[in-house]
Amino acid sequence: MNNILVVGSINMDMVIHTPRLPLLGETITGSGFATVPGGKGANQAIAAARSGGAVKMIGAVGSDLYAGTLVEHLKANGVGCEGVSRVEGSTGIAVITVCGGDNHIILEKGANAALTPERIDGYAELFRWADIVVMQLEIPFETVLHAAKLARQCGAKVLLNPAPARPIDGLLDYVDILIPNQYEAEGITGCNDPEESLRWFLNRGVEQVVITLGGDGCVYNEGEKICRHGIYETKVTDTTAAGDGFIGGFCTTLCDDSPVEKAVSYATAVSAITVSRDGASVSLPMQQEVEDFLKSIQKEQ
């Protein structure tokens, strides 16, 4: 299992740093403004490709100046883009304010909203190519559900990152691997204990669950056994794309038939390196960087 198809969003991130968030009606001075390729789908595709996966993407960009830049960025990072459509109008935009290492994000879906079930059907051959299909919720929900059903019909496993948080009624029936953060998990299950949330998902037929816990690492299952993994300490500069890096790294490692514990460890290292850098996809590490990082951790232990 080594062919990874990502179905999801492609955005241009507009990022600015600030020492604090402004009050209502207040103007403050920020710094370090940059336009950075992003979008959960694109970030996860690049994270998987930089970790050594064979990755293709289905998505949509607009007819503006950002479209070509974003497609070329995906290609330059080893992501196949034959499934990326160009539509009239704006490319997806994310306005990101980084404050104290945490990020606050406002999304404009733009071309991502044009990724309809009918458009997905035009790329059925990519689903037949894929061993695993990775999705998020920055594209229309009906498209995610349609793609999950198509993946199941084609014999591919489905990995869902249910973000941004929203109800996912009916979708879990087609999900093999679920990776929410603790707040997304609580919103879906109503359980404020991550381990209870994990059990809730397992009881509904999801085979593999990993719930990320920010600075507390993650909780995951090995079959029926519940396990925890802590973080690897690094200086936090910008948490943008940390979760996307985790998912891309986890997916690629799991595709190598590695045990879930190894996939979690690798994914945690990807996140640790990612948060130590500014930006979204540009902050995602290469496979060799992650392996060297893990070796340095092992030497210190």
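Residues numbered from 1 in each chain as written. Predicted model: local features only at pLDDT ≥ 70, side-chain atom pairs only at ≥ 80, totals over all residues. Heavy atoms only, no water.

(A) Local environment of the packing of helix α8 (residues 242-255) against helix α9 (residues 260-275). Running from N to C, α8 and α9 point in directions that differ by 150 degrees, and their axes come no closer than 7 Å. Viewed along their axes, α8 and α9 form a crossing whose handedness is right-handed. Where α8 approaches α9, its residues Ala242, Gly245, Phe246, Gly249, Phe250, Thr253 and Leu254 are matched on the opposing element by Val260, Lys262, Ala263, Val264, Tyr266, Ala267, Thr268, Val270, Ser271, Thr274 and Val275. Residue composition of the contact of α8 with α9, by class: 11 nonpolar, 6 polar and 1 charged. (Axes fitted to C-alpha atoms, helices over the stretch in contact; angles between N-to-C directions. Helix = DSSP H or I, 4+ residues; strand = E, 2+ residues; numbered from the N terminus. Left-handed = near helix turned anticlockwise from the far one by under 90°. Contact = heavy atoms within 4.5 Å. Nonpolar A, V, L, I, M, F, W, Y, C, P; charged D, E, K, R; others polar.)

(B) Quick peek at the nonpolar core. Within the largest apolar cluster, 41 residues are counted, with the highest numbers of intra-cluster contacts made by Ile4, Leu159 and Phe250. Non-local contacts of leucine 159, meaning those with residues more than four positions away in its chain, are made with Ile132, Val133, Val134, Met135, Ile177, Ile179, Ile247, Phe250 and Cys251. In this structure, Tyr123, Ile139, Ala151 and Val175 belong to the second largest nonpolar core, which totals 38 residues. (Core = buried A, V, L, I, M, F, W, Y, C linked by side-chain atoms within 4.5 Å. Buried < 20%, exposed > 50% of the residue type's maximum accessible area, 1.4 Å probe, protein only.)

(C) Examining empty space enclosed by the protein more closely. The full count for this structure, using the stated rule, is 1 cavity of 30 Å³ or more. Size it by volume and the largest cavity reaches roughly 30 Å³. Residue composition of the lining of the largest cavity, by class: 1 nonpolar, 2 polar and 3 charged. (1 Å grid on protein atoms, 1.4 Å probe; cavity = no way out; pocket = protein on both sides within 12 Å on 5 of 7 lines; lining within 4 Å. Points joined across faces, edges and corners; volume = space filled by probe spheres on them.)

(D) Structural context of the layout of surface pockets. Put simply, the largest pocket is a space of about 1200 Å³. If you go around the largest pocket, you meet 45 residues; those closest to its centre are Asn103, Asn181, Thr239, Ala242 and Gly243. For the lining of the largest pocket, the elements supplying multiple residues, two or more each, are β2 (11-17), α1 (40-50), β6 (92-99), β7 (102-108), α6 (182-189), α8 and α9. The element that contributes the greatest number of residues to the lining of the largest pocket is α8, accounting for 5 residues. Residue composition of the lining of the largest pocket, by class: 21 nonpolar, 17 polar and 7 charged. In this structure, the second largest pocket spans a volume of roughly 340 Å³. Surrounding the second largest pocket, 16 residues form its lining, Lys262, Ser265, Tyr266, Glu291 and Leu294 being those nearest its centre.

(E) Quick look at the sheet that holds strand β10 (residues 177-178). Here 9 strands make up an open sheet; going across it, the order is β5-β4-β1-β8-β9-β10-β11-β12-β13 and the pairing mixed. The open sheet has two edge strands with one neighbour each: β5 (79-86) and β13 (225-229). Contacting β11 (208-212), β12 (218-222) and β13, α9 runs over the sheet at an angle of about 160 degrees to β12. (Pairing = 2+ DSSP bridges.)

(F) Summary view of the packing of aromatic side chains. Here the structure, examined in full by the defined rule, presents 3 aromatic pairs. Ring geometry for phenylalanine 246 and phenylalanine 250: centres 6.4 Å apart, planes at 5 degrees, overall stacked. With phenylalanine 246 and phenylalanine 250 both in helix α8, this residue pair falls 4 residues apart, about one helical turn. Positioned above the aromatic ring of phenylalanine 141, the side-chain terminus of arginine 166 is 4.1 Å from the ring centre. Between the NZ or CZ atom of arginine 204 and the centre of the ring of tryptophan 200, over which it lies, the distance is 3.7 Å. (Phe/Tyr/Trp six-rings, centres within 6.5 Å; stacked < 30°, edge-to-face > 60°. Lys NZ or Arg CZ within 6 Å of the ring centre and 35° of its normal.)

(G) Geometry of the sheet that holds β7. If you walk across this open sheet you meet the 4 strands as β3-β2-β6-β7, and the pairing is mixed. The open sheet has two edge strands, β3 (31-38) and β7, and neither has a second partner. The average angle at which neighbouring strand axes cross in this sheet is 20 degrees, direction not considered. One ladder, built from 7 bridges, connects β2 with β6; its direction is parallel. Opposite histidine 17, over in β6, you have valine 98 as the bridge partner. Contacts from helix α2 (residues 65-76) reach β2, β3 and β6 within the one sheet, and its direction differs from that of β2 by about 95 degrees.

(H) The pairing of β11, seen in detail. Extensive coverage of β11 is indicated by the burial of 5 of its 5 residues. Taking every second residue as pointing to the same face, both faces of β11 are buried, with Gln208, Val210 and Thr212 on one and Val209 and Ile211 on the other. One ladder, built from 2 bridges, connects β10 with β11; its direction is parallel. Bridge assignment links leucine 178 to a residue of β11, and that residue is valine 209. Both β11 and β12 contribute to a ladder of 3 bridges, which runs antiparallel.

Worth remembering: the numbers are spatial, not functional.
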